[in-house]
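For reference, the chains in residue letters:
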Amino acid sequence: MKTQAPSLRQRLSTLAALSLLTATTCPASSELPSGSGCAFDLRPGEALPRLTLTDPGNHGWIIQSSPDLLTWSTAQSLRVFNGSLRTSILADGTGGTRYFRALHVPTPDAALSTEALALNLPTPAANFANPLLPPAFLVPPISNQDNTPANNPVTNAGATLGRVLFYDKRLSLNQTVSCSSCHQQAHGFSDPAKFSTGFQGGLTGRNSMGLANARWYQRRAFFWDERAATLEAQVLQPIQNATEMGMTLTELETRISAEPFYSTLFTKAFGSSTVTSDRISRALAQFVRSIISTNTKFDTGAATAFANFTAQENLGRQIFNGQIGPATCTACHGTDNFVPGPAINNNGLEIPYIDKGVGAISGRAQDEGLFKVPSLRNIALTAPYMHDGRFATLEEVVEFYNSGVVDHPNLSPPLRRNNQVLRLNLTTAQKAALVAFLKTLSDTSLPTDARFSDPFRYGP
Ligand code: HEC
Ligand code: HEC
């Protein structure tokens, strides 16, 4: 049996005590679809309340005002696109005591959900297809590490569709989580939390991976344990993962088909409005491949013999390259893209490994602790570090390589010397220099580049 919601007057009377000027009320939570919320708050010194709405279902809301709780007139019509809206209430100019209430309009108003109203997309479409790449990216080895398949090249319209999908919370069952919840632009498309929170509050088993330059990786495979052979296969997995987004591909297609603006976006990307999970996968993969980071202090340096580096950064670069001291970082974080070549590696984090990485899939002892390493580009933005997020800072990572590598039977050869685990024995100044070098790999435009940002309009 449905619990009787308190009457409007009861709810208002409790709130009226908060202010002499205004009283406010939201629909009872039992009257709202799951995942929706409504709250007013009145700040000191402000005569009118502010309203915060959460409504992943793209519904309309009406704000009404009344002088006496008897006659109500509509003060504002609002629409929530993809999540949340925060707005100030408009006054109607009559002064005196005002009461406000928010009403939820349950039927989605298809007419309002156009590309122009719901999305903030540039015309013509942003350039994703022809990024300006530094010279080193155009020749081997990096050019050979490009995992773009011949049948899914990046197009401007395809990556634009991928961008909208990447930020759309409807990709998760209860419409609370999007790809961007765990791959945040400001954090190099990674998650500052050790483990990420899925749609029902559950935690992922591993640290989220930064996505910049995922396009270049010689072994092509994706995830820490490389269990997805292609990016096209990978992007559908979080959507179906029971902790992350909890959807089926059929539900996904139904839901995306129901959103009017997607017909326009699918037509531009693929020539017709038909929504299929294959097209969703292609578009998401195109967007992820277009997240390219080449605008760093390191890139400027690579073109100018590192004249732009401080003495400390140059020392760190030489330690990283093995020109000063015994470090072998480039053996596993090589090229101007800082990724391994043909090998997948064990860097001796622990013994035994709690998370066996590739070994958990193959069941073979010789695969225990083998993990993919994403590019070190933007590494200063993607803390915490390693598959389990065990290190909070780059200083901790450097100290680990300096003195903490564990003698695991699968430890990759570059981390051994004369049958012993390699100890770097760096001085405090050298460790600080190595950290300073790693910070030159941060992109100065990527964290705020509008092409990769949330395209949803959250306003009315
Ligand atoms: C709830 C958090 C969460 C959500 C939502 C999520 N991811 Fe991830 N993502 C992760 C975690 C954690 C990993 C590493 C998992 C592993 O290796 O087992 C990961 C790994 C990846 C990788 C692998 C990168 C590489 O270099 O191998 C890609 C690509 C990726 N996610 C893209 C996406 C896309 C696209 C979406 C939306 C469809 C998405 N993710 C949604 C948490 C999330
Ligand atoms: C033998 C190969 C190897 C060498 C040499 C190596 N690394 Fe790594 N590195 C890895 C692997 C493998 C991982 C991921 C391990 C995991 O998460 O289980 C990793 C992870 C990292 C990470 C964290 C990446 C992230 O996204 O969380 C940083 C930073 C890093 N290494 C820096 C360095 C530095 C600096 C050096 C040199 C002092 C170095 N590495 C030497 C293989 C290596």
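Per chain, the residues get numbers from 1 upward, laid out in the order the sequence is written. Just so you know, chain letters begin at A and ligand numbers begin at 1, following the order they were written in. Predicted model: local features are reported for residues with pLDDT of at least 70 only, side-chain atom pairs are reported and counted for 80 or more only, and whole-chain, interface and lining totals are derived from all residues.

### Side note on the overall build of the chain
Okay, step 1: By the criteria applied, helices consist of DSSP H or I runs no shorter than four residues and strands consist of E runs no shorter than two, each listed in order from the N terminus. Check the secondary structure of the chain and you find 15 helices and 9 strands.
Okay, step 2: Counting only C-alpha atoms and orienting by the principal axes, one finds that the chain spans roughly 85 × 50 × 50 Å.
Okay, step 3: Exposure classes come from backbone-placed C-beta atoms, where a residue is buried if 20 or more other C-beta atoms lie within 10 Å of its own, exposed if 12 or fewer do, and partly exposed in between. Looking at the chain residue by residue over its 460 residues, the buried ones come to 40%.
Okay, step 4: Throughout, a residue-residue contact means that the two C-beta atoms, derived from backbone geometry, are no farther apart than 7 Å. Once local pairs closer than 6 in sequence are excluded, the contacts in the chain between residues at least 24 apart make up 69%.

### Some details on the confidence of the model for the chain
When pLDDT drops low, the exact placement of atoms in the prediction is not to be read closely.
Okay, step 1: Taken as a whole, the chain shows an average pLDDT of 90; of its residues, 91% reach a score of 70 or greater.
Okay, step 2: Low pLDDT, under 50, characterises residues 1-21; the stretch is placed with 22 contacts to residues that sit more than four places away or in other chains. How sure the predictor is of each residue is captured by pLDDT, a score from 0 to 100.

### Details of the site of ligand 1
Okay, step 1: Taken together, 30 residues lie around ligand 1, and Cys 179, Cys 182, Phe 223, Trp 224 and Pro 238 are the ones closest in.
Okay, step 2: Contributing elements (two or more residues each) for the shell around ligand 1: helix 4 (179-182), helix 5 (231-234), helix 6 (236-240) and helix 9 (277-290).
Okay, step 3: No other element matches the 3 residues that helix 4 contributes to the shell around ligand 1. Nearness is defined per residue: the C-beta atom, placed using the backbone, must lie within 6 Å of the molecule or strand.

### Points about the packing of helix 14 (residues 394-404) against helix 15 (residues 428-439)
Okay, step 1: Close contact between helix 14 and helix 15 brings their axes to 10 Å; oriented N to C, the two are set at 125 degrees. Judged by the angle between their axes, helix 14 and helix 15 are oblique. At the point where helix 14 passes helix 15, the crossing takes the right-handed sense. Seen from helix 14, the contacting residues are Leu 394, Glu 395, Val 398, Glu 399 and Asn 402; seen from helix 15, they are Lys 431, Leu 434, Val 435 and Leu 438.
Okay, step 2: The class makeup of the residues in the contact of helix 14 with helix 15 is 5 nonpolar, 1 polar and 3 charged. Each axis is a line fitted through C-alpha atoms, and for a helix only the stretch in contact is used; angles between axes span 0 to 180 degrees, taken between their N-to-C directions. These descriptions rest on fixed angle ranges, namely under 35 degrees for roughly parallel, over 145 for roughly antiparallel, 65 to 115 for roughly perpendicular, and the rest for oblique. Should the near helix be turned counterclockwise from the far one by less than a right angle, the crossing is left-handed, whereas a clockwise turn marks it as right-handed. Note on residue categories: nonpolar means Ala, Val, Leu, Ile, Met, Phe, Trp, Tyr, Cys or Pro, charged means Asp, Glu, Lys or Arg, and polar means any other residue, Gly included.

### Looking at the site of ligand 2
Okay, step 1: Within the structure, ligand 2 sits among 25 residues, and Cys 329, Cys 332, Met 386, His 387 and Ser 412 are positioned closest to it.
Okay, step 2: Those elements giving two or more residues to the shell around ligand 2 turn out to be helix 12 (329-332) and helix 14.
Okay, step 3: Classifying every residue of the shell around ligand 2 gives 18 nonpolar, 7 polar and no charged.

### Regarding the environment of Leu 138
Okay, step 1: Position of Leu 138 among the secondary structure elements: in the loop between helix 2 (115-118) and helix 3 (156-167).
Okay, step 2: Every residue in contact with Leu 138, bar those within four places of it in the chain, is listed here: Leu 133 and Ser 143.

### Some words on the pairing of strand 4 (residues 60-66)
Okay, step 1: Only one face of strand 4 is covered, namely the one carrying Trp 61, Ile 63 and Ser 65; the face carrying Gly 60, Ile 62, Gln 64 and Ser 66 has none of its residues buried.
Okay, step 2: Think of it this way: DSSP has to see at least two bridges between two strands before they count as a pair. In this sheet, strand 5 (residues 73-79) lies alongside strand 4 in antiparallel orientation, the contact comprising 6 bridges. In the strand pairing of strand 5, Ser 65 is matched with Ser 73.
Okay, step 3: Connecting strand 4 to the antiparallel partner strand 5 that follows it, the hairpin turn spans 6 residues, and Leu 69 within it adopts a positive phi of roughly 70 degrees.
Okay, step 4: Examined bridge by bridge, strand 4 and strand 7 (residues 98-105) share 7 bridges and lie antiparallel to one another. Opposite Ser 65, over in strand 7, you have Phe 100 as the bridge partner.

### What to know about the pairing of strand 2 (residues 37-41)
Okay, step 1: Covered by surrounding structure in strand 2 are Cys 38 and Phe 40 only, the residues Gly 37, Ala 39 and Asp 41 on the alternate face being uncovered.
Okay, step 2: For strand 2 and strand 3 (residues 50-55), the ladder comprises 5 bridges, and the chain directions are antiparallel. In the strand pairing of strand 3, Ala 39 is matched with Thr 52.

### A short note on helix 11 (residues 311-320)
Okay, step 1: Glu 313, Leu 315, Gly 316, Arg 317, Ile 319 and Phe 320 are the residues of helix 11 that are buried.
Okay, step 2: Along its buried surface, helix 11 packs onto helix 12 and helix 15.
Okay, step 3: Directly beyond the C-terminal end of helix 11, a positive phi value near 80 degrees is found at Gly 322.

### Notes on the nonpolar core
Okay, step 1: To form a nonpolar core, buried Ala, Val, Leu, Ile, Met, Phe, Trp, Tyr and Cys residues must be joined through C-beta atoms within 7 Å. Among the nonpolar cores identified, the biggest contains 90 residues, and Leu 161, Leu 165, Leu 284, Val 288 and Leu 434 are the most heavily contacted of them.
Okay, step 2: Residue contacts for Leu 434: discarding those within four places in its chain leaves Gly 316, Ile 319, Phe 320 and Val 398.

### Examining unusual backbone geometry
Okay, step 1: Put simply, Ile 351 and Pro 352 share a cis peptide bond, and its omega is -10 degrees.
Okay, step 2: As for its placement among the helices and strands, Pro 352 is situated in the loop between helix 12 and helix 13 (358-362).
Okay, step 3: Here the bond from Ala 383 into Pro 384 is cis, since omega is -5 degrees, no more than 30 degrees from zero.
Okay, step 4: Inspection of the secondary structure puts Pro 384 in the loop between helix 13 and helix 14.
Okay, step 5: Not every positive phi belongs to a glycine, and Asn 213 is a case in point at roughly 65 degrees.
Okay, step 6: Relative to the elements of secondary structure, Asn 213 occurs in the loop between helix 4 and helix 5.
Okay, step 7: For Asn 213, a count of 26 C-beta atoms within 10 Å gives the class buried.
Okay, step 8: Backbone geometry places Arg 220, a non-glycine residue, at a positive phi of 65 degrees.
Okay, step 9: Secondary-structure assignment places Arg 220 in the loop between helix 4 and helix 5.

### A look at the environment of Gly 60
Okay, step 1: Tracing the backbone shows Gly 60 in strand 4.
Okay, step 2: Judged by local crowding, Gly 60 falls into the partly exposed class, with 18 C-beta atoms found within 10 Å.
Okay, step 3: Residues Gly 60 and Arg 206, spaced 146 residues apart in sequence, show a C-alpha to C-alpha distance of 38 Å.

### Examining the environment of Thr 296
Okay, step 1: Along the chain, Thr 296 turns up in the loop between helix 9 and helix 10 (297-302).
Okay, step 2: Under the C-beta neighbour-count criterion, Thr 296 is labelled buried, with 21 such atoms within 10 Å.
Okay, step 3: With 175 residues separating them along the chain, Thr 296 and Leu 121 place their C-alpha atoms 26 Å apart.
Okay, step 4: Ignoring any residue separated from it by four or fewer positions in sequence, one finds Thr 296 in contact with Arg 377, Thr 440, Leu 441, Ser 442, Asp 443 and Thr 444.

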